[in-house]
Structures are given as structure tokens and as C-alpha cells.
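Fold and contact review
Given next are the chains, with one letter for each unit.
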Amino acid sequence: MKTTEMTGGSQRPLSLSDLNVNQLAARVNDLGAESYRVTQILDGAWRSVATSWSGVTTLGKLLQERLANEFRFSAFDEVERQEAEDGATTKLLLTLSDGAKVEAVLMRSPADPRRGSGPRATVCVSSQAGCAVGCPFCATGELGFTRNLSAGEIQDQVRIARQILRTEDRELTNVVYMGMGEPLQNIDAVFASIDGLTDPARGGIGQRRITVSTSGVVSGIERLAKQRPQITLAVSLHAARNPLRDLLVPLNRKWPVEAVISAADSHSRATGRRTTYEVTMIDGINDRAEDSAALASLLRGSGAHVNLIPMNAVAHTPWQESKPERIEQIANQLRAAGLTVTVRRNRGREAGAACGQLAAEKAGAPTPIAVARRRELLVAASAAALQGQRTAQPIAPSGPLGGEA
Ligand code: SAH
Ligand code: SF4
């Protein structure tokens, strides 16, 4: 029988990555094994292609069995792989021990000699199953919230990405917390996972190669600046004006635009690191002249980096991506305000921005009635927001997990 302990706040089997090195050393000692076994275990977990205890051959059969009785080698019961973009992107649909499903996406890019950068491979990890924030353009938001992931469940997404890359003779260069969930609403597990990823004995990944993306949890941005200052911050802004941002990011009702920008500026001053702002471009909603002008004046002089990402169409919204010409105009307007701007194209569609969609598909579609109802509400609320009216209530997801179906 596997040990059942608290992981991420509920009773689930403990997995290897839920332990830090001291905890692992204590367990190894309890099992009567020598301390050098700790290094063998961690090398097996982080630097081999083993997928189970029996694959870590340095340990010998007896210790493999004892460890297997104590904790799981991987947090996942099932790993489903889907390749896209001619093999540049791998989507992983991962089933956790309680049946919850999350997604991780691995993106590979070639060397860029003009920038002097070598080949890159980035994994986009999930921090929660579902998400409680409920942004209406996001497939994960539509699922509603299931639960927080444990530190081990987050790290194991990175372990699996590294294993895939190892078979291709490539290195993982970057980790982004931009998959399912709001990382700063699961901040303790996210920080513990960062500690595992950056620990030389475990992940050994440089702090500066890790980015946490948030929809604007101000208290979390403040903790990030104080407690993990080397980590890069990305803020999902989407709108510079409160009425529209209330609709696009319901958390804006708690922490409005000014509070988010001020927290990001303090983060940048305290850490000496540039903030990245993400703006998902939605046709006729946040790409109108007033909005781009408001965005340019809000960020002018901040030295920030802005990523403009065409919205990936999701079933439950009436919205579409902005026209490419309009995105280009806005990019130039922002550049004229002194900002560095990147327009994401296919990558956004196929990978990071589409994160959550595979899991949402697997969870089953909300009922057509719920979708139709939600579309009506979104049309009415966006019309009101465009006229500057702040709506009282966020629009609830239509399901299948969160819903008003
Ligand atoms: N919850 C965090 C991190 C996960 S979402 C956050 O919101 O920042 C990661 C990014 O994907 C966010 O910038 C989000 O706005 C974007 N995104 C979500 N759904 C999208 C869609 N349908 N099209 C394009 N980008 C999307
Ligand atoms: Fe949650 Fe981010 Fe999706 Fe908003 S965009 S619902 S915060 S995962």
C-alpha cells in the first residue's frame, strides 16, 4: 500500500517530487538504506528516462520495491501525448491520481543566431485543475475550479517534459506557469515547486529561466517580489480600463488595473526585472481605438515588454481573434510609447494560449443551452463595458464543472 498523506490539501498518495531533499533523506534512512541512495534516487527522477521505480536500475530490486511501497515515482496515472506544428509542440494531457486532468505543453524553437540565442525548449505547466478566476475567453476558466495541484504534481510536468527532450538530445531551457490555473492562488505549492525546480540536486534550472503568469493577484505579486525575486513576472492585462477588465478578468473587481500595475511596478523596482504584460487580442472588444490608446498611456515609460496574443477561439464565447492588421497597428502604437512588443502568432494558437483546451474537451462540452445563455450574457456585458459601465456580477462559467447549466 502506498502512504497516503496530505498533498496539496487533500488525501492523495504521496509522490517523490512532493518531498524536498531533507524529507527524502529521512525516508531513505527510515528504510534502512544508505544516504548515497538519495543522489541515485534524484538522478533517476530528474536525469534519466526511467518512468517507474523499476527503471532506476542503480537502486537494486529490493530498494525499488520498498520505495514503491512508500511513494509514487510519478504523480501521473496516465500521459496522453499529442504532437502539433510539425513536431515543434507537444501537448500532454495528464491524469492525476484522483482522476483530475491537467495539461502541459512543450514548445521547441530553433537557435536564433541574430539574437545570439541557442535552441530553446519551454514547458508551460498547470498549477491548478481548472481555475476559479473565470476569464470568459479562456477554456480553463470555463471549466470552473476543481483543485490545487501539489508541488510534486507541478514539478512532475517538468520532469516529463525533460524526459521527452532527453530522447531527442535536447535540453529544457525555460519553464512558464501559463497552463491551467492561477498560480498565485496556489502560491505555497507554486513556490515549493519553484524550489524543487531550481534546487541543484533536483531540477537544477536557473531561477531566471522561470516565468510566473498571473491574472493580477496583487498580494501574490508582492510575495513573489520579496520571496522569489529572481523569477520573471508576467501579468495578464487584457484591458487598461476597469469596466472592460472587470469583464475580461473578473478578479479585477478585487484588484483593479491601478493596483495591479502598481504592484507590477514595485516588483520591477525591487527585482530589477522587466515585467511582461500579456494582452489577448479580441476583435471589437479590447482592440478598439480607445482601448489601445488607454493601454499605451497606462504603460508608457514603464519599460515593460508587451505580448499581443490573438485570441484562440473557444466554443463558449461569441468572440474572435482581432484582425492581424489591427494587431500590427496596436503593436506600433505601443512601440511609439517606448514599449517592447512581441506579436505572437501560431505559437499562441497551438501552444500556450491553447493550454486548457485539451483538458476542457476531455471534460465534455457544456450543454448547448448553457453555452447559448452565456453568449447572450457576454454580448450584453461587453456592450455595457464598451460604454464604460461596470457590471455588478461576474458571468459564471457554463460548465461542465462550474456551471449554471
Ligand atoms: N492564470 C494565469 C496563467 C494561466 S493563463 C493568467 O491568467 O495569467 C495563461 C495565458 O493564456 C494568459 O495570459 C491568458 O490570458 C491566456 N489565454 C487564456 N485563454 C486564451 C485564449 N482563448 N486565447 C489566447 N490567450 C488565452
Ligand atoms: Fe484562470 Fe488564467 Fe484562464 Fe483567467 S486566463 S481563467 S486566470 S487560467
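Preceding this section is the structure that the text describes.
Now for a description of the structure that goes with this document. As a convention, each chain's residues are numbered from 1 in the sequence order in which they are written. Chain letters start at A and ligand numbers start at 1, both assigned in the order the entries are written. Note on the predicted model: pLDDT of at least 70 is required for a residue's local features to be given, and 80 or more for side-chain atom pairs to be given and counted; whole-chain, interface and lining totals, by contrast, use all residues. In computing side-chain properties, one takes all heavy atoms of the structure into account and sets aside hydrogens as well as water.

We now examine the overall build of the protein chain. By definition, any uninterrupted DSSP run of H or I lasting at least four residues is a helix, any uninterrupted run of E lasting at least two residues is a strand, and each is numbered from the N terminus. Looking only at helices and strands, the protein chain has 14 helices and 14 strands in total. By residue count, 56% of the 405 residues in the protein chain fall in the buried class. Contacts between residues were defined by any pair of non-hydrogen atoms, one from each residue, lying within 4.5 Å. Contacts in the protein chain between residues at least 24 apart in sequence constitute 67% of all its contacts with a sequence separation of at least 6. The Shrake-Rupley method, run with a 1.4 Å probe, gives the accessible areas here. Residue values count only the displayed protein chains as cover. Accessible surface, the protein chain: about 17000 Å² in total, of which carbon and sulfur atoms supply 50%. Throughout this description, buried means an accessible area under 20% of the type-specific maximum (1.4 Å probe, protein chains only), exposed means over 50%, and partly exposed covers the range between.

Let's shift gears to the pairing of strand β13 (residues 305–310). Two faces belong to every sheet, and in a regular strand the side chains alternate between them. Summarising burial for β13: six of the six residues are buried, a large majority. Side chains His305, Asn307 and Ile309 of β13 all project onto a buried face; the interleaved residues Val306, Leu308 and Pro310 project onto the opposite face, where all are buried too. Crossovers are marked right-handed if the path from the first strand over the helix to the second runs clockwise, as seen with the strands pointing away from the viewer. For the crossover that starts at strand β12 (residues 276–281), traverses helix α10 (residues 289–299) and ends in the parallel β13, the hand is right-handed. Where β13 lies against strand β14 (residues 340–343), four bridges are found, and the strand directions are parallel. Residue pairing across strands places Asn307 opposite Thr342, the latter belonging to β14. In this analysis, strands are considered paired if DSSP registers two or more bridges between them.

Turning our eyes to something else, we now look at the pattern of salt bridges. Every case where a carboxyl oxygen of Asp or Glu lies within 4 Å of a side-chain nitrogen of Lys or Arg is listed as a salt bridge. In the structure shown here, the tally under the stated rule is 21 salt bridges. For Asp156, the salt bridge goes to Arg159, with nearest N and O atoms at 2.9 Å. Here Asp156 and its partner Arg159 are both found in helix α5 (residues 151–166), three residues apart, which amounts to about one turn of the helix. Here Asp156 falls in the buried class, since its relative accessible area comes to 2%. Among the residues examined, Arg159 registers a relative accessible area of 6% and is labelled buried. Among the ionic pairs, Asp291 bridges to Arg241, the shortest N-O distance being 3.0 Å.

It is worth spelling out the packing of aromatic side chains at this point. Two aromatic rings, drawn from Phe, Tyr or Trp (for Trp, its six-membered ring), form a pair once their centres lie within 6.5 Å of each other, and the interplanar angle then sorts them: stacked below 30 degrees, edge-to-face above 60, tilted otherwise. Applying the stated rule across the entire model yields two aromatic pairs. Aromatic pair Trp53 and Phe73: ring centres 5.1 Å apart, planes at 70 degrees, arrangement edge-to-face. Pair noted here: Trp53 is in the loop between α2 (36–46) and α3 (61–70) and Phe73 is in the loop between α3 and β3 (76–84), with a separation of 20 residues, a long-range link. We note that Trp53, like Phe73, is buried. By definition here, charges over rings are those cases where NZ of Lys or CZ of Arg is within 6 Å of the ring centre and within 35 degrees of the ring normal. Directly above the aromatic system of Phe73 lies the positively charged group of Arg159, at a separation of 4.9 Å from the ring centroid.

Turning to the site of ligand 1, a few remarks are in order. Taken together, 19 residues form the shell around ligand 1, and within it Phe137, Ser213, Ser236, His238 and Asn312 come nearest. Taking Gly181, its main chain carries an N or O atom lying 2.9 Å from a nitrogen atom of ligand 1. Contact between ligand 1 and Glu182: a nitrogen atom at 3.4 Å from a side-chain N or O atom of the residue. Protein contact buries 93% of the 540 Å² of open area that ligand 1 shows by itself. When residues of the shell around ligand 1 are traced back to their parent elements, those giving at least two are β10 (210–214) and β12. Here a residue is near a molecule or strand as soon as one of its heavy atoms is found within 4 Å of it. As used in this structure description, the phrase polar contact means that two N or O atoms lie within 3.5 Å; if the pair is within protein, one of them must be able to donate a hydrogen and the other to accept it, and residues adjacent in sequence are counted only when both atoms belong to side chains.

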